[in-house]
Amino acid sequence: MPATVTAGRWTNWAGNQSAEPRQVVAPTSAEELAEVLRQAAERGRTVKAVGSGHSFTAIASADDGVLVRPEGLTAVRELDRAAGTVTVEAGLPLAELNRLLAAAGLSLTNMGDIDVQTVAGATSAGTHGTGRDSASLAAQIKALEIVLADGTVRRCSPTEDPELFAGARLGLGALGVLSAITFGVEPAFLLTAREQPMRFAEVIGSFEELSSVNEHFEFYWFPHTDRCSTKRNNRSQGPAAPLPGFKAWLEDDFLSNTVWEGACRIGRAFPRSVPTIAALASRAWSERTYTDTAYKVFTSPRKVRFIEMEYAVPRAAATEVLRELKALVERNDWQISFPVEVRCAPADDLWLSTASGRDTVYIAVHLYRGTAEQGYFTAVERLMTAHQGRPHWGKLHSRDAEYLAGVYPRFKDFTELRDRVDPERRFANAYLRRVLGA
């Protein structure tokens, strides 16, 4: 039997979500996980699996139920070079997956900007990076092992139980508990990153070119300024030219985390100082170019804690939405210390992917932890939904099943699948009842 803790409060990374599960378990195999689910069914308890807690929503909350922790399911089951796949257990952190793949001369095709999440947590909530042609982590899944509500361990892929596979690649934890994931991988590659300050109007005016010419393009706009920091990542034949160790630490850790934390604290204590801080911060990002292993370019340390809302809007509407967002900030008396993050993704075929069926631009807004919301998120959400925006499942939003059914063409397919595999709602919680319906 798995190790069991009978009490303990769970809190997410940002500190804005918590739960008091009735039982906490850490299974070490799919068979142990199956037994957990069978016992939960006998006792009439709900079950929720958590990863590293990097979702800002209550998607993993297990109040009054059974909380499944990930640390017992971290094995690498198979590395198949001929097939170009790696099969790992659901609780393996992405950082460890990146390191083991690099040691084998392999790589994921695309990643988000942090790698502390577990593989199951990241894929189930729709974690994505930015890419012209390459999509989210869940889009790189080739097969899954999932434990269903009745304790059945089921393997699925495009050819084996394809309907379950279609829903479970990005399943919100609503269909079962993932126990293992098979990712497609490719030979390791280098990325050259070019980071450059630009004016907001310049970025918006050339957005189509920047996002079409570069394999991976993203930018940050600093509210209360007209300044942006842009980043273009493209594959390189080498040689590798990483940032020198001290420079990397100084810019990507000390300045981006330690100094930024201090600046955010000042802004929280003295809100009227925020525009000045924003102006200084926007000028601190200088131009630089470096070439390194792909995952080291894709990801950065993120130690300053915040809360976040992110919406996916149709690519065709992106520049209009961004102009409206800038105007919205300028005509309100908000004090916004965090930059707005903008990324891209191609259309994919995942039922609940925020890029399902349409080329997409992601627009993310943040607030430093403990900062008053001021109506910022509420107004931004109103803007995003006016453009058929889809909220990131793991980031703050107020949308419900009625709205989401109207912006996801395969939403009904997913809820019907859920009715079949979890009719008793073993994996339900308040968040899933809101976004998927009861």
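This text gives an overview of the structure that appears in the document. Residue numbers restart at each chain and count upward from 1, following the sequence in its written direction. At least 70 in pLDDT is required for a residue's local features to be given in this predicted model, at least 80 for side-chain atom pairs to be given and counted, and no such filter applies to totals for whole chains, interfaces and linings, which use all residues. Side-chain metrics in this entry use all non-hydrogen atoms of the structure; hydrogen atoms and water are not considered.

The helix and strand labels rest on DSSP assignments: H or I over at least four residues marks a helix, E over at least two residues marks a strand, and numbering proceeds from the N terminus. Counting its regular elements, the protein chain contains 14 helices and 21 strands. Each radius of gyration reported is based on C-alpha atoms, and the globular scaling rule is 2.2 Å times the count of residues to the power 0.38. Its C-alpha atoms give the protein chain a radius of gyration of 21 Å, within 12% of the compact-globule value 22 Å for 438 residues. The dimensions of the protein chain, computed from C-alpha atoms along their principal axes, are 60 × 50 × 40 Å. When a residue's accessible area, from a 1.4 Å probe over protein chains only, is under 20% of the maximum for its type it is buried; when over 50% it is exposed; and in between it is partly exposed. The burial tally for the protein chain puts 60% of its 438 residues in the buried class. Contact between two residues is taken to exist if any of their heavy atoms lie within 4.5 Å; hydrogens are not considered. Once local pairs closer than 6 in sequence are excluded, the contacts in the protein chain between residues at least 24 apart make up 73%.

Two strands make a pair as long as DSSP finds a minimum of two bridges between them. Strand order in the open sheet formed by 5 strands is 7-8-12-10-11, and the pairing between neighbours is antiparallel. Each edge of the sheet is formed by a strand with only one pairing partner; in this case those strands are strand 7 (76-80) and strand 11 (153-156). Taking the axes of each pair of neighbouring strands and ignoring which way they run, one obtains an average angle of 10° across the sheet. Two strands pair when backbone bridges link them, and strand 10 (residues 141-147) and strand 12 (residues 177-184) are joined in this way by 6 bridges, in the antiparallel orientation. Each residue of the ladder has a partner; that of E145, found in strand 12, is A180. Structural elements are reduced to axes, namely lines fitted to C-alpha atoms, with helices fitted over the stretch in contact, and the angle between N-to-C directions of any two is expressed from 0 to 180 degrees.

Checked against the element boundaries, D252 lands in helix 7 (residues 245-269). Residue D252 is classed as buried on the basis of its relative accessible area, which comes to 19%. As a C-alpha pair, D252 and R302 span 50 residues in sequence and 9.0 Å in three-dimensional space. Beyond its immediate chain neighbours, meaning those up to four positions away, D252 contacts L243, K247, N257, R288 and P301. Two N or O atoms form a polar contact when they lie within 3.5 Å of each other; inside protein one atom must be a possible hydrogen donor and the other a possible acceptor, and for residues adjacent in sequence the pair counts only when both atoms belong to side chains. Within polar-contact distance, the side chain of D252 engages the side chain of R288 at 2.7 Å.

Attention shifts here to the state of the cysteines. Sulfur atoms of two cysteines make up a disulfide when they are within 2.5 Å. Counted by the stated rule, this structure contains 0 disulfides. Residue C344 stays outside any disulfide, its sulfur separated by 13 Å from that of C228, the closest cysteine.

With that settled, the discussion passes to the packing of aromatic side chains. We call Phe, Tyr and Trp rings a pair once their centres come within 6.5 Å, taking the six-membered ring for Trp, and we label the pair stacked below 30 degrees between planes, edge-to-face above 60, and tilted otherwise. Overall, the coordinates contain 11 aromatic pairs when judged by the stated rule. Measuring from centroid to centroid gives 5.3 Å for F306 and F338, while their planes differ by 50°, and the two rings are tilted. In this pair, F306 is assigned in strand 18 (residues 306-314) and F338 in the loop between helix 10 (318-330) and strand 19 (340-345), connecting sequence segments 32 residues apart. Residue classification places F338 among the buried residues on the basis of a relative accessible area of 8%. Put simply, the rings of W13, F56, F306 and F338 touch in pairs and so form one group of aromatic residues. We call a charge positioned above a ring when the Lys NZ or Arg CZ atom is no farther than 6 Å from the ring centre and deviates by at most 35 degrees from the ring normal. The ring centre of F200 lies 5.5 Å from the NZ or CZ of K326, which sits over that ring. When the ring centre of Y408 is taken as reference, the NZ or CZ atom of R390 above it lies at 4.8 Å.

A few words on the nonpolar core. Within the largest apolar cluster, 67 residues are counted, with the highest numbers of intra-cluster contacts made by L97, F183, L352, W393 and L436. Once residues within four sequence positions are removed from consideration, F183 is found in contact with G84, T85, V86, V88, L97, L108, V119, T123, L137, Q140, I141 and K142. Joining through side-chain atoms within 4.5 Å is the link that ties buried Ala, Val, Leu, Ile, Met, Phe, Trp, Tyr and Cys residues into a set, and such a set is a nonpolar core. In this structure, M198, L322, Y376 and A379 belong to the second largest nonpolar core, which totals 50 residues.

What follows covers a nonpolar patch on the surface. A cluster of nonpolar side chains, contributed by F246, W249, F254, L255 and V259, occupies part of the molecular surface with about 470 Å² of accessible area. Take F246: it is sitting in helix 7. Classification of F246 as exposed rests on a relative accessible area of 58%. For patch building, the residue pool is restricted to those with more than 30% relative accessible area and no salt bridge; the joining distance is 9 Å between like charges and 5 Å between nonpolar side chains (Val, Leu, Ile, Met, Phe, Trp, Tyr). Here the accessible surface of atoms and residues is derived via Shrake-Rupley with a 1.4 Å probe, and residues count as covered only by protein chains that are part of the display. Each salt bridge in this description consists of a side-chain nitrogen of Lys or Arg and a carboxyl oxygen of Asp or Glu lying within 4 Å of one another.

This next bit is on the side chain of H216. Mapped onto the fold, H216 is located in strand 15 (residues 216-221). Classification of H216 as buried rests on a relative accessible area of 3%. Of note is the side chain of H216, whose polar atom sits 2.6 Å from the backbone oxygen of T130. If we ignore the near neighbours within four places in the chain, the residues touching H216 are N110, T130, G131, S134, L191, K231, R232, N233 and F298.

Our next topic: unusual backbone geometry. Looking along the chain, the bond that leaves G238 and enters P239 is cis, with omega of 5°. By the secondary structure assignment, P239 is in the loop between strand 16 (227-236) and helix 7. Although it is not a glycine, L172 sits at a positive phi angle of roughly 60°. Examined against the element boundaries, L172 turns out to sit in the loop between helix 4 (162-168) and strand 12. A relative accessible area of 3% places L172 in the buried class. Positioned with a positive phi, Q388 is a non-glycine residue whose angle comes to about 60°. With respect to the helices and strands, the residue Q388 is situated in the loop between helix 11 (376-385) and strand 21 (390-391).

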